[in-house]
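# Structural characterization, general
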Amino acid sequence: LFEKSISKRRDIDFGNRKCSAQRAHFYLQCVRSLSKQLQARGVDLKVCHGLPEEIFAALPSESSVFCQQEAVSVECTDVEKMLENVLSGNGSSLVCEWGAMSLYHRDDLPFYLEEQYMPKSYTELGGAVGWKDIWCTPDREKWASRVRDPVAAPSVLPARSVEVDFPGLISEEELDDDEKSLARLGYSPEEIADALAREDPQGGEANARRTFEVWLSKQEGDGGNPQHGDAVFWDLPVGNGPGQGHDALQWANLARPDGWLRMSQYLAVGCISAREIYARSLACPNFNGVVHRLMWREWHRLCAIRFGRRFFWLQGPGWVQRPWVWRGPEVEAWKEGKTGIPYVDACMRELRQTGWLAYKGRKTTAFFLVFGLGADWRIGAYLFEELLLDYDCAMNYGNWIVVAAVEKPKRRDWHKDDKVEDIIVAYRQDIEVKLSAEMANDPSGEYIKRWVPELRSVDAAFVHKPWAMSEEDMEKCGCVVGKTYPAPLMSNLTLSTEVREGGVGRSMERLMMEDDGEERRVHPEDFKGQVYTKKEFLEYGASLGKSESWGEELWAGAAVAEGKAAA
């Protein structure tokens, strides 16, 4: 049904649904909520099941159809094009409005929505729309692009002037029946029973606003939010880190499995807008953190528009060529949370059972799939698209191409003779660092034990690395690796929270100055927080065909490492 960027490109099928029964149930709640709101304003909502171009073909000639454009999804824009073609055939028209799914209206952006004019980094975007330093402060320039105020819904809407016999019309009785509605959408009785048994957030605008108001009320004082404490940020994009005192950016939340705003499922479907959250948070002591999260969402939305269909290519927008694995028992084990790597398994099981996963969990599980197993990143992106309650095309695929390192040309070139095993070896230490950070942030393994019952009796010293137990330890706790819990798909991983020369667990202080005593810096756009010497900055510029002065400017714009976690 959808266009292909390359006509001969084969269809991709990783065995996933586009949408789980759980998320479909949430969508039904949102639709019913909208229906009741419209009824209160004198309008009946017509809900149909079918292809939009076939349903709207029933409209009389010279009709006008208005829709909120979702420019970040090529599937949605393809549907808009097909509908436009059908409507134009009988003198009708489709009017696409930008709407309020984005924080900024396209007319208020200081650049055209064409690739050559759009910002090339998150930091560049922040500067372009007038944030003085999006990583540190909510202050804006006087000339900053405006964020439009939310618009109140009208109290009364005009009545429908003509009755239309739409195909696929769902009766109000059926729409109010979860089982019947989900069955119509093609879900099995087992899928339906599972979805209805879950205790998920309730959909709809009223529930979105209620949830946000509860969150907002907790932000006064310390708001119960975790401050820096002993959290480590070895692999997180946290600017210069939490610092001392109150952390308005709430970086510590990124190191925890609980999330912070927890409004993503409502934002994804439009139950509440980014502009409303922005406006209601202006007086919040953690407004800086709210803006930072909303701007990341904005960045991914703009990237989706900028890259178009390349957003979904295996090689990504960066045309990155390297070997991949498409199928195999290891990939299936990852999907089911049975990799033998406790943190990865806990994350995947939480995702399957709840439809939600914290930022750190999404990034680490994705990294393990891509660089620990060498798998096609789209396998994970497709699975997340199916399972996430808060699935958002731009956020999901935007995060996956970044994790998979295919969003732009990279420093390292992989050659045709390289194998998947070479990828795994090259990124092994990165995986150890990520898992070691989890061990440092959750030394008792509380999160792991919550989702992986096989490990609940394992001592805290081994819960992150059960393969390190002796046979006596395994027998004592009743957890035998390879029998009652899977053997790890990556063997001999070394996890540690200690500062160790040349290995995982090295503190950022150690990374900043190696034995050669040479100064190292980290560039604000390098979200892995890697530190490099001036020589390495110049070599990087040369590898891109840039002049030495370009490398000098890059070095000048990098942050001097002072023992803080950087990104």
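Look above for the structure.
Here is a short report on the structure shown in this document.

## Considerations on the overall build of the protein
When helices and strands are tallied, the protein shows 22 helices and four strands. Residues classed as buried in the protein amount to 49% of the 567 residues present. Sequence separation of 24 or more characterises 71% of the internal contacts of the protein that already satisfy a separation of 6 or more. Approximately 27,400 Å² of the protein is accessible, and the part contributed by carbon and sulfur atoms is 51%.

## Quick word on the pairing of strand 2 (residues 93–97)
Here five bridges tie strand 1 (residues 64–68) to strand 2, and the two strands are oriented parallel to one another. The partner of Cys-67 across the bridge, within strand 2, is Cys-96. Handedness of the crossover joining strand 1 and strand 2 through helix 3 (residues 74–88) is recorded here as right-handed.

## Structural notes on the nonpolar core
If you look at the biggest cluster of nonpolar residues, it comprises 112 residues, and the most contacted ones within it are Met-295, Trp-334, Trp-377 and Trp-400. Among the elements that line this core, the one with the most residues is helix 11 (residues 287–307), at 11 residues. Look past the residues within four positions of Met-295 in its chain and what remains in contact with it is Leu-103, Tyr-104, Tyr-122, Leu-125, Gly-126, Val-129, Trp-131 and Ile-134. In this structure, Cys-19, Ala-21, Leu-175 and Tyr-187 belong to the second largest nonpolar core, which totals 11 residues.

## Notes on the packing of helix 13 (residues 342–354) against helix 14 (residues 359–372)
Where helix 13 meets helix 14, the closest approach of the two axes is 9 Å, and the angle between their N-to-C directions is 120°. Considering only the axes of helix 13 and helix 14, their crossing is left-handed. Mapping the contact onto sequence places Tyr-343, Val-344, Cys-347 and Met-348 in helix 13 and Lys-360, Gly-361, Thr-364, Thr-365 and Phe-368 in helix 14.

## Topic: the pattern of salt bridges
For the coordinates displayed, the defined rule picks out 22 salt bridges. Residue Asp-78 is joined to Arg-309 by a salt bridge in which the shortest nitrogen-to-oxygen separation is 2.7 Å. Taken together, the residues span a long stretch of sequence, with Asp-78 in helix 3 and Arg-309 in the loop between helix 11 and helix 12 (329–336) at a distance of 231 residues. The pair Asp-78 / Arg-309 is uniform in exposure class, with both members buried. Of the charged contacts, one joins Glu-115 and Arg-310 as a salt bridge, the two residues approaching to 2.4 Å between their closest N and O atoms. Here Glu-115 is found in the loop between strand 2 and helix 4 (122–128), whereas its partner Arg-310 is found in the loop between helix 11 and helix 12, with 195 residues between them in sequence. Salt bridges sharing common partners tie together Lys-18, Glu-75 and Glu-385.

So, how was this worked out
Throughout, a residue's number is its position along its own chain's written sequence, starting from 1. Local features in this predicted model are restricted to residues whose pLDDT is 70 or higher, and side-chain atom pairs enter the listing and the counts only when it is 80 or higher, whereas totals over whole chains, interfaces and linings include all residues. Side-chain measures were taken over the full set of non-hydrogen atoms in the model, leaving aside hydrogen atoms and water. Helix and strand definitions follow DSSP, with helices as H or I runs of at least four residues and strands as E runs of at least two, each counted in order from the N terminus. Throughout, exposure labels follow a simple rule: accessible area from a 1.4 Å probe, protein chains only, divided by the maximum for the residue type, with under 20% read as buried, over 50% as exposed, and the rest as partly exposed. We call two residues in contact when some of their heavy atoms are within 4.5 Å. Areas reported as accessible are Shrake-Rupley estimates using a 1.4 Å probe. Residue values count occlusion only from the protein chains shown. For two strands to pair, DSSP has to find at least two bridges joining them. By the criterion used throughout, a crossover qualifies as right-handed when its path from the first strand across the helix to the second strand runs clockwise, the strands pointing away from the viewer. As used here, the term nonpolar core means buried Ala, Val, Leu, Ile, Met, Phe, Trp, Tyr and Cys residues forming a set that is joined through side-chain atoms within 4.5 Å. A fitted line through C-alpha atoms represents every axis, and for helices the fit uses only the stretch in contact; the resulting angles, taken between N-to-C directions, go from 0 to 180 degrees. Definitions for this section: a left-handed crossing has its near helix turned counterclockwise from the far helix by less than a right angle. A right-handed crossing has that turn clockwise. What makes a salt bridge here is a side-chain nitrogen of Lys or Arg within 4 Å of a carboxyl oxygen of Asp or Glu, nothing more.

Just distances and angles here, no functional claims.
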